Amino acid sequence: MAGIGIGSPGPLDMDKGIVIETPNLKWKNAPLKERLELLTGKPVKVENDANAGLIGEWAFGEAKKAKHVVGLFIGTGVGGGIIIDGKPLHGFNQNAGELGHMIMDPNGPLCGCGNHGCLEAFASRTAIERVIRQSETRGVKTKIFKGKDRDERIRSGRLAKAFKDQDPAAVMAIHQSAIYVGYAVASLVNIFNPEYVVLGGGVVEALGKPYVEIVEKVARQNVFDIALRNIHIIEAKLGDDAAALGASTLAWQDLK
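Please read these numbers as outputs of a predicted model, since none were measured by experiment. Residue positions are given per chain, counted from 1 along the sequence in the order it is written. Only residues with pLDDT of at least 70 are given local features in this predicted model, and only at 80 or more are side-chain atom pairs given and counted; all residues enter the totals for whole chains, interfaces and linings. With hydrogens and water stripped out, all remaining heavy atoms of the structure feed into the side-chain values.

Draft legend 1. Broad picture of the overall build of the protein chain. Numbered from the N terminus, helices here are DSSP runs of H or I no shorter than four residues, and strands are runs of E no shorter than two. What the protein chain contains, in helices and strands, is nine helices and 10 strands. For 256 residues, the compact-globule estimate of 2.2 N^0.38 gives 18 Å, and the protein chain sits close to it at 18 Å. Its C-alpha atoms give the protein chain principal-axis dimensions of roughly 60 × 45 × 30 Å. Residues classed as buried in the protein chain amount to 46% of the 256 residues present. Throughout, a contact is declared for two residues whenever any of their heavy atoms are within 4.5 Å. The long-range fraction of contacts in the protein chain, counting pairs at least 24 apart against all pairs at least 6 apart in sequence, stands at 62%. Two things to know: the radius of gyration comes from C-alpha atoms, and the globule rule equals 2.2 Å times the number of residues to the power 0.38. Accessibility here uses a 1.4 Å probe with only protein chains present; expressed as a share of the type maximum, an area under 20% marks a residue as buried, one over 50% as exposed, and anything in between as partly exposed.

Here it is in structure tokens:
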């Protein structure tokens with residue numbers, strides 16, 4: 001083993017390999033690079049996990065070698081990444097690509113980051129679960145809790161089954177998530193003019209084509225015509241392997 005690449009939720013200090021903060025994991029100023037190098041004796045490259053996932057899909061997946069790619073990964077939270085001219089966009093402070101924290105509605109629900117109305121607060125698996133629970137209290141029928149502990153988290157597999165079974169509360173919540181992602185994709189396409197938009201994460205992986213079709217329909221209705229030319233809005237194909245492949249790609253590049 002020549003080196004190690006690792007993807008972590010951010011924001012990050014990428015030069016020092018420090019995880020500054022992770023709203024969902026509750027880490028603060030975690031010296032990830034230093035600890036791993038002490039444990040392994042190998043050089044370590046730390047990258048944002050969503051960036052790593054997108055780089056994996058760009059290097060080995062459906063968007064292989066495209067020059068301009070945007071990725072959104074819908075899971076417990078919403079991660080994102082951007083590739084411009086074949087290189088990941090890191091920005092001035094090396095934390096570009098926090099696409100899940102685009103504010104869709106300043107009066108919207110509280111996000112784990114502390115702001116209101118982020119895409120993550122509308123579209124993540126956590127947000128879908130919140131909408132289902134709120135809908136049930138308003139009388140919308142659902143069987144998603146039948147035979148389950150009501151306090152148990154609703155995982156993506158259960159959401160997919162409920163969606164397939166046309167559970168009213170689940171269908172409504174999942175449609176809402178996909179619609180918000182569609183509007184976010186439209187904005188990103190208008191801003192970055194990518195060749196590919198890659199949609200991944202546990203929610204997309206579980207729901208598959210029906211979810212992606214809703215996102216694509218909304219996005220295409222809200223994008224400038226010129227930005228739609230030859231664009232591909234696709235489902236990620238590498239699953240959990242994408243981030244590992246992307247992180248290893250970056251680690252190998254650093255060793256060259």
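Draft legend 2. The packing of aromatic side chains, seen in detail. Working definition: rings of Phe, Tyr and Trp (its six-membered ring) pair if their centres are within 6.5 Å, and the pair is stacked with planes under 30 degrees apart, edge-to-face with planes over 60 apart, and tilted otherwise. In the structure shown here, the tally under the stated rule is one aromatic pair. An angle of 10° between the planes, with centres 4.1 Å apart, marks the rings of Phe 122 and Tyr 180 as stacked. Residue Phe 122 is found in helix α3 (residues 119–123), and its partner Tyr 180 is found in helix α6 (residues 168–192); the two are separated by 58 residues along the sequence. The class of Phe 122 is buried, set by a relative accessible area of 7%.

Draft legend 3. Examining the pattern of salt bridges more closely. The rule for a salt bridge is simple: a side-chain nitrogen of Lys or Arg has to be within 4 Å of a carboxyl oxygen of Asp or Glu. Under the counting rule described, the total for this entry stands at seven salt bridges. Between Lys 33 and Glu 37 there is a salt bridge whose closest N-O contact spans 2.9 Å. Of the two residues, Lys 33 and Glu 37 are both situated in helix α1 (residues 32–40); the distance of four residues between them amounts to about one turn of the helix. Judged by its relative accessible area of 26%, Glu 37 falls in the partly exposed class. As a salt-bridge pair, Glu 129 and Arg 133 come within 3.0 Å of each other at their nearest N and O atoms. In this pair, Glu 129 and Arg 133 are both assigned in helix α4 (residues 125–137), four residues apart and thus about one turn of the helix distant. For Glu 129, a relative accessible area of 3% gives the class buried. Put simply, Glu 129, Arg 133 and Arg 153 are held in one network by salt bridges that share partners.

Draft legend 4. Examining the side chain of Thr 249 more closely. Considering the arrangement of structural elements, one finds Thr 249 in helix α9 (residues 241–255). In contact with Thr 249, not counting residues within four places along its chain, are Ile 55, Ala 59 and Phe 60.

Draft legend 5. Up close: unusual backbone geometry. One non-glycine residue with positive phi stands out, namely Asn 29, at about 50°. Among the structural elements, Asn 29 can be located in strand β4 (residues 27–30). Look at Asn 29 and you get exposed, because its relative accessible area is 56%. Even without glycine at this site, Gln 94 takes up a positive phi of about 65°. Among the structural elements, Gln 94 can be located in the loop between β8 (87–88) and α3. In this structure Gln 94 comes out as partly exposed when scored by relative accessible area, which is 26%.

Draft legend 6. Seen up close, the sheet that holds strand β10 (residues 232–235). Pairing is mixed in the open sheet, where five strands are placed in the order β8-β7-β6-β9-β10. Of all the strands in the sheet, just β8 and β10 have a single pairing partner and so form its edges. Relative to β10, strand β9 (residues 196–200) runs parallel, the two sharing four bridges. Note that in β10 the partner of Tyr 196 across the bridge is His 232. Note on method: axes are straight lines fitted to C-alpha atoms, helices fitted across the in-contact stretch only, with angles between N-to-C directions ranging 0 to 180 degrees. Here helix α2 (residues 49–60) sits on the sheet in contact with β6 (69–74), β7 (78–84), β8 and β9, set at roughly 50° to β7. On top of the sheet, α6 reaches β6, β7, β9 and β10; it is set at about 160° to β6, its chief contact. Paired strands, as defined in this entry, are two strands with at least two bridges between them according to DSSP.

Draft legend 7. Examining the confidence of the model for the protein chain more closely. Looking at the protein chain, pLDDT values average 91 and 96% of them are 70 or higher. pLDDT runs from 0 to 100 and stands for how confident the predictor is about each residue. Considering each helix and strand of the protein chain separately, the mean pLDDT is smallest for α9, with a value of 81, and largest for α3, with 98.

Draft legend 8. Structural view of the nonpolar core. Take the buried residues of types Ala, Val, Leu, Ile, Met, Phe, Trp, Tyr and Cys, join any two whose side-chain atoms come within 4.5 Å, and each joined set is a nonpolar core. In this structure, Leu 72, Ile 132, Val 181, Val 185, Leu 199 and Tyr 211 are the most contacted members of the largest nonpolar core, which totals 45 residues. Looking at this core, the element that brings in the most residues is α6, giving 12 residues. For Ile 132, the contacting residues outside a window of four places in its chain are Thr 142, Ile 144, Phe 145, Leu 159, Ala 169, Ala 170 and Ala 173. Ile 55, Ala 59, Ala 63 and Val 69 belong to the second largest nonpolar core, which has 15 residues in total.

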